Amino acid sequence: MLSILKNAWYAAAYSHEVEAEPLARTLIDQNAVLFRGEDGAVGMIVNRCPHRFAPLSAGKQIGDTLECPYHGLRFNRSGHCVFNPHAKNKGPLRAADIKAWPVMERYGIVWFWPGDPHRATPEALPRVDFLEKPEEYALVRGLLHVRGHYELVVDNLLDLSHAAFIHPQFSGGNYTAEQLLAATSQRLERREGSIVNHRLRSGLGPSSAHVNLFGMDAATPVHTDTTMTWYPPAFLDFAVGSWEVGQERETGVHIPQLHFITPETEFTSHYFFVNGRNRRQNEPEVDKAMLDFFDLAFGRQDEPMIEMVQRNMGTVSDINELDPILLPTDAAPVSARRMLAAMIAAEQAADAGPGTAGDNPARADSPALS
Ligand code: FES
Ligand SMILES: [Fe+2]
């Protein structure tokens, strides 16, 4: 069974994916539909009409509502059935109300909140420095489908020692894995509500993207920062930058990134990544080269590895159940898993107590005919 932290924002879709047509997507094991009303605001409701279970995503948007394609009930963004063409007064049908999730848009992403709607405040989403400075960074965005539990993707990002083995192109093939690991220092910092894995490689040349796309000299020693800041449940603010040894950090080429992994099901995930760059901002061919670079690294190297790992784990989604051995480089993923597990356990304990805050009103079991 999929176990998640409920009181947190999760990425549902890129804003540009939710335009004229409703968007159907499985998120946290639930069929959802996203749609944008006439006023431009986005809603996310259950993608199943409570009458004969037609998918609302196959329906039409009418004003700020979505009309069921089968018999015409209309639902607003709060999940209320506000129009019933079969009633004399065409009025609302409260018994047909369906679940809606709080949503908001930030950083070109539609975020949804699975937990208590009263706690769904914009401040609960971490701020990402480079995404607050559109004048300084050009952006490209990608979305991958990963056939693995979402925490396996987080593990992958919090232990970047794998890069020396499965992403040889990052170093242009100039260094062995042992050289790359020996030149990298790592320091784990546990903060209130986040974990920072500081990671700095010094004295080797820059990565191939910095050389091939941004003109850095492959032989000039640089500092390369790959510090990752994790916020629960799966929000990763990734600093990627290289600057010459002896120079200031600000002089370097920086490719900062936001990664977010939303569980689709227990064993599959949506992997959102937004990548910035502070050089060659207005060149579409560089956009394409960046996307190709990330497609290779995340889509054709990380994803198949995570998929193979998940397959080896069988029907287990929590890797700790299988008693993995640990290496020093596992400190960050292990710490993140512990923090998340404690938060989920606290939520579940609170939910099990009396008087817990509920989700949006679910529909009544017996439909009222009119
Ligand atoms: S299935 Fe939606 S109105 Fe009948
Ligand atoms: Fe990777």
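Residues numbered from 1 in each chain as written. Chains lettered and ligands numbered in written order. Predicted model: local features only at pLDDT ≥ 70, side-chain atom pairs only at ≥ 80, totals over all residues. Heavy atoms only, no water.

**Re helix 5 (residues 284–313)**
Taking 1.5 Å per residue, 30 residues should reach 44 Å; helix 5 reaches 41 Å between its end C-alpha atoms and fits that length. When the local axis directions of helix 5 are compared, the greatest deviation, roughly 30°, occurs at Asp302, which is followed within four positions by the proline Pro304. Gly314 lies just past helix 5 and shows a positive phi near 65°. (Helix = DSSP H or I, 4+ residues; strand = E, 2+ residues; numbered from the N terminus. Expected span 1.5 Å × (residues − 1). Bend = angle between axes of the 7 residues up to and from the residue.)

**Considering the coordination of the iron ion (ligand 2)**
Ligation of the iron ion (ligand 2) by protein atoms is provided by His162 (NE2), His167 (NE2), Asp302 (OD) and Asp302 (OD), these donors lying 2.1 to 2.4 Å from the ion. Its four donor atoms give the iron ion (ligand 2) angles of 57 to 144° at the centre, a pattern that matches the irregular case. Read in sequence order, the donor residues for the iron ion (ligand 2) give the motif H-x4-H-x134-D. Across the pair, His167 and His162 agree in class, each one buried. (Donors = N, O, S within 2.8 Å, 3.2 Å for Na, K, Ca; no water. Tetrahedral: all angles 85-135°; square planar, octahedral: opposite > 155°, others 65-115°. Buried < 20%, exposed > 50% of the residue type's maximum accessible area, 1.4 Å probe, protein only.)

**Considerations on the packing of aromatic side chains**
Going through the model one piece at a time under the given rule, you end up with 16 aromatic pairs. Relative to Phe273, the ring of Tyr271 lies with its centre 5.9 Å away and its plane at 75°, an arrangement referred to as edge-to-face. Here Tyr271 falls in the buried class, since its relative accessible area comes to 2%. The rings of Tyr10, Trp111, Phe112, Tyr231, Phe235 and Phe260 are connected pair by pair, giving a single aromatic cluster. Arg74 extends its terminal NZ or CZ atom over the ring of Phe83, reaching a point 3.9 Å from the ring centre. One cation-aromatic arrangement involves Arg106 over Tyr107; the distance from NZ or CZ to the ring centre is 5.7 Å. (Phe/Tyr/Trp six-rings, centres within 6.5 Å; stacked < 30°, edge-to-face > 60°. Lys NZ or Arg CZ within 6 Å of the ring centre and 35° of its normal.)

**Section: the sheet that holds strand 3 (residues 30–36)**
The strand order across the open sheet formed by three strands is 2-3-4, and the pairing between neighbours is antiparallel. Pairing within the sheet leaves two strands with one partner each, and these edge strands are strand 2 (23–27) and strand 4 (42–46). Each strand of the sheet is rotated relative to its neighbour by a mean of 30°, with strand direction disregarded. Two strands pair when backbone bridges link them, and strand 2 and strand 3 are joined in this way by five bridges, in the antiparallel orientation. Along strand 3, the bridge assignment pairs Arg25 with Ala32. (Pairing = 2+ DSSP bridges. Axes fitted to C-alpha atoms, helices over the stretch in contact; angles between N-to-C directions.)

**Section: the sheet that holds strand 6 (residues 65–67)**
One open sheet accounts for four strands, arranged 5-6-7-8; its pairing is antiparallel. Looking at which strands have only one partner, the edges of the open sheet turn out to be strand 5 (60–62) and strand 8 (81–83).

**Here's the deal with the nonpolar core**
Counting 92 residues, the largest nonpolar core has Leu34, Leu56, Phe75, Trp111, Leu258, Ile261 and Tyr271 as its most contacted members. Sorting elements by how many residues they give to this core places helix 5 first, with eight residues. (Core = buried A, V, L, I, M, F, W, Y, C linked by side-chain atoms within 4.5 Å.)

**Observations concerning the domain arrangement of the chain**
In terms of domain boundaries, the chain breaks down into domain 1 (10–119) and domain 2 (129–348). Domain 1 and domain 2 are separated by 34 Å when their C-alpha centres are compared. Taken together, the contact between domain 1 and domain 2 spans 16 residues of the former and 18 residues of the latter. In this assembly, domain 1 packs against domain 2 so that about 1400 Å² is buried in total across both faces, 68% of it on carbon and sulfur atoms. The largest per-residue losses of area from domain 1 upon contact with domain 2 belong to Tyr10, Tyr14 and Tyr107, which jointly make up 46% of the total buried on that side. Where domain 1 packs against domain 2, one counts zero salt bridges. Joining domain 1 to domain 2, the criterion identifies eight residue pairs in polar contact (both at pLDDT 80 or more). Among the elements of the structure, strand 1 (10–14), strand 2 and strand 10 (109–112) are those that each provide at least two residues to the side of domain 1 that touches domain 2. Looking at the side of domain 1 that touches domain 2, the element that brings in the most residues is strand 1, giving five residues. (Domains from an automatic or database assignment. Contact = heavy atoms within 4.5 Å. Buried area = accessible area lost by both parts, 1.4 Å probe. Salt bridge = Lys/Arg side-chain N within 4 Å of Asp/Glu carboxyl O. Polar contact = N/O pair within 3.5 Å; in protein donor to acceptor, adjacent residues only side chain to side chain.)

**Some remarks on the packing of helix 1 (residues 150–158) against helix 6 (residues 331–352)**
Remark: helix 1 packs on helix 6, axes separated minimally by 8 Å, with the N-to-C direction vectors making an angle of 140°. Between helix 1 and helix 6, the angle falls in the class oblique. Regarding helix 1 and helix 6, the two cross each other, and that crossing is right-handed. In this structure, helix 1 contributes Tyr150, Glu151, Leu152, Asp155 and Leu158 to the contact, and helix 6 contributes Ala332, Pro333, Ala336, Arg337 and Leu340. Residue composition of the contact of helix 1 with helix 6, grouped by class: seven nonpolar, no polar and three charged. (Parallel < 35°, antiparallel > 145°, perpendicular 65-115°, else oblique. Left-handed = near helix turned anticlockwise from the far one by under 90°. Nonpolar A, V, L, I, M, F, W, Y, C, P; charged D, E, K, R; others polar.)

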